[in-house]
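Here's the letter readout for the chains.
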Amino acid sequence: MSGPSVLWMLGSDSDLPHIEGGLAALRELDISYEVRIHSAHRTPQQAVDLVAGARDAGVKVLIGVAGGAAHLPGVMAAHTTLPVIGVPVPSDLSGGLDSLLSISQMPSGVPVATMGANKAGGKNAALLAARIIGVSDPTVAGALQQYREGMAEGVLRKDAAVRAEHRFPAD
Ligand code: RP5
């Protein structure tokens, strides 16, 4: 039961830059995580074995990150009843429309919560994982509330700054 709360699985190390914001968010919320590289196509057996053992290892949420054919999150969801979040990595084809559709268009019965194929995808995956964990963990729920309040304060600071600078006639 000593595994991380969130297990990230990436189809390639080239996907790493797309999850940096998500890893930072989990650290800020003090939620444990582990990142692994396994591909639905290149190392299918290792990927499946890791997912199949995740619940017994104490993992609460799985995040699959992949681009292009992007079967990884769906394969993960097929081998566990834990919640699976998919992060489509932008590709050369229409900015990642292929990744987005591949991950989001799951058949009935095997859900994957699909994030955007944009720079927010990795971060939002982490925050959705935190919300799922926060359902039964008041400490995480409290940390999320603080996170939201910090975000709102940041917007208010920017509003005040832009208002002071972009005003005509100025005071
Ligand atoms: C996918 O193929 C990976 O998730 C990655 O987004 C994409 C390209 O992988 P590399 O060729 O850079 O290893 O499986």
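Note that this is a predicted model, so its numbers are computed, not measured.

Quick notes on the rules
- Within each chain, residues carry numbers counting from 1 in the order of the written sequence.
- pLDDT decides what is reported in this predicted model: residues at 70 or higher carry local features, side-chain atom pairs at 80 or more are listed and counted, and totals for whole chains, interfaces and linings draw on all residues regardless.
- Side-chain numbers here rest on the full set of heavy atoms in the structure, without hydrogens or water.
- Only DSSP runs of H or I with at least four residues qualify as helices, and only runs of E with at least two residues qualify as strands; both kinds are numbered from the N terminus onward.
- Residue exposure (1.4 Å probe, protein chains only): buried if accessible area is under 20% of the type maximum, exposed if over 50%, otherwise partly exposed.
- In this analysis, two residues are considered to be in contact whenever any of their non-hydrogen atoms come within 4.5 Å of each other.
- Here a strand pair is declared whenever DSSP counts at least two bridges between the two strands.
- Axes here refer to lines fitted to C-alpha atoms; in helices the fit is confined to the stretch in contact. Angles between the N-to-C directions go from 0 to 180 degrees.
- When at least one non-hydrogen atom of a residue lies within 4 Å of a molecule or strand, that residue is treated as near it.
- Any pair of nitrogen or oxygen atoms within 3.5 Å is treated as a polar contact; in protein, a donor-acceptor pairing is required on top of that, and neighbouring residues in sequence qualify only through side-chain atoms on both sides.
- Shrake-Rupley sampling with a 1.4 Å probe provides the accessible areas, and residues are treated as covered by the protein chains on show and by no other component.
- Three categories are distinguished: nonpolar for Ala, Val, Leu, Ile, Met, Phe, Trp, Tyr, Cys and Pro, charged for Asp, Glu, Lys and Arg, and polar for the others, with Gly belonging to the last.
- By convention in these notes, a salt bridge is any Lys or Arg side-chain nitrogen within 4 Å of a carboxyl oxygen on Asp or Glu.
- Expected span of a helix: the number of residues minus one, times 1.5 Å.
- Take the buried Ala, Val, Leu, Ile, Met, Phe, Trp, Tyr and Cys residues and link them wherever side-chain atoms come within 4.5 Å; each set so joined is a nonpolar core.

Within the protein, the secondary structure is distributed over 6 helices and 5 strands. Along the chain direction, N to C, the helices and strands of the protein fall in the order β-α-β-α-β-α-β-α-β-α-α. Taking the principal axes of the C-alpha coordinates as reference, the protein spans close to 65 × 40 × 30 Å. By residue count, 39% of the 171 residues in the protein fall in the buried class. Across the protein, contacts joining residues at least 24 apart in sequence account for 66% of those joining residues at least 6 apart.

Turning our attention to the sheet that holds strand β2 (residues 33–37). Read across the sheet, 5 strands follow the order β2-β1-β3-β4-β5 without closing on themselves; strand pairing throughout is parallel. What marks the edges here is a single partner per strand, and that holds for β2 and β5 (113–114). Set on the sheet, helix α4 (residues 97–104) makes contact with β3 (61–67), β4 (84–89) and β5; between it and β4 the angle comes to about 165°.

Before going further, it helps to spend a moment on the site of the ligand. In the neighbourhood of the ligand, the contacting residues comprise Gly-11, Ser-12, Ser-14, Asp-15, Arg-42, Ala-66 and Gly-67. Ser-14 has a polar side-chain atom sitting 2.6 Å from an oxygen atom of the ligand. The protein chains hide 65% of the 360 Å² of surface that the ligand would expose on its own. When its residues are assigned to classes, the shell around the ligand shows 1 nonpolar, 4 polar and 2 charged.

The next point concerns the pattern of salt bridges. Here the structure, examined in full by the defined rule, presents 1 salt bridge. Arg-36 is the partner of Glu-34 in a salt bridge, and the nearest nitrogen-oxygen pair spans 3.5 Å. Of the residues examined, Glu-34 reaches a relative accessible area of 34% and is grouped as partly exposed.

Quick look at helix α6 (residues 138–165) now. Helical geometry note: an α-helix holds 3.6 residues per turn, so side chains three or four residues apart project in the same direction. Compared with an ideal rise of 1.5 Å per residue, which puts 28 residues at 40 Å, α6 spans 41 Å between its outermost C-alpha atoms and is within 8% of the ideal. Among the residues of α6, Val-140, Ala-143, Leu-144, Tyr-147 and Gly-154 are the ones counted as buried. In the core, the buried residues of α6 are packed alongside α1 (20–28) and α5 (121–134). Two or three places before Thr-139, at the opening of α6, Asp-137 has a side-chain oxygen 3.0 Å from that residue's backbone nitrogen.

The next subject is the nonpolar core. The biggest cluster of nonpolar side chains holds 26 residues, and the ones touching the most others in it are Val-6, Trp-8, Leu-29, Ile-31, Ile-63, Val-65 and Ile-85. When contributions to this core are tallied by element, the ones reaching two or more residues are β1 (6–10), α1, β3, β4, α5 and α6. Ranked by residue count, the leading element in this core is α5, at 6 residues. Excluding its chain neighbours within four sequence positions, the residues that come into contact with Ile-31 are Ser-5, Val-6, Leu-26, Ala-130, Ile-133 and Val-140.

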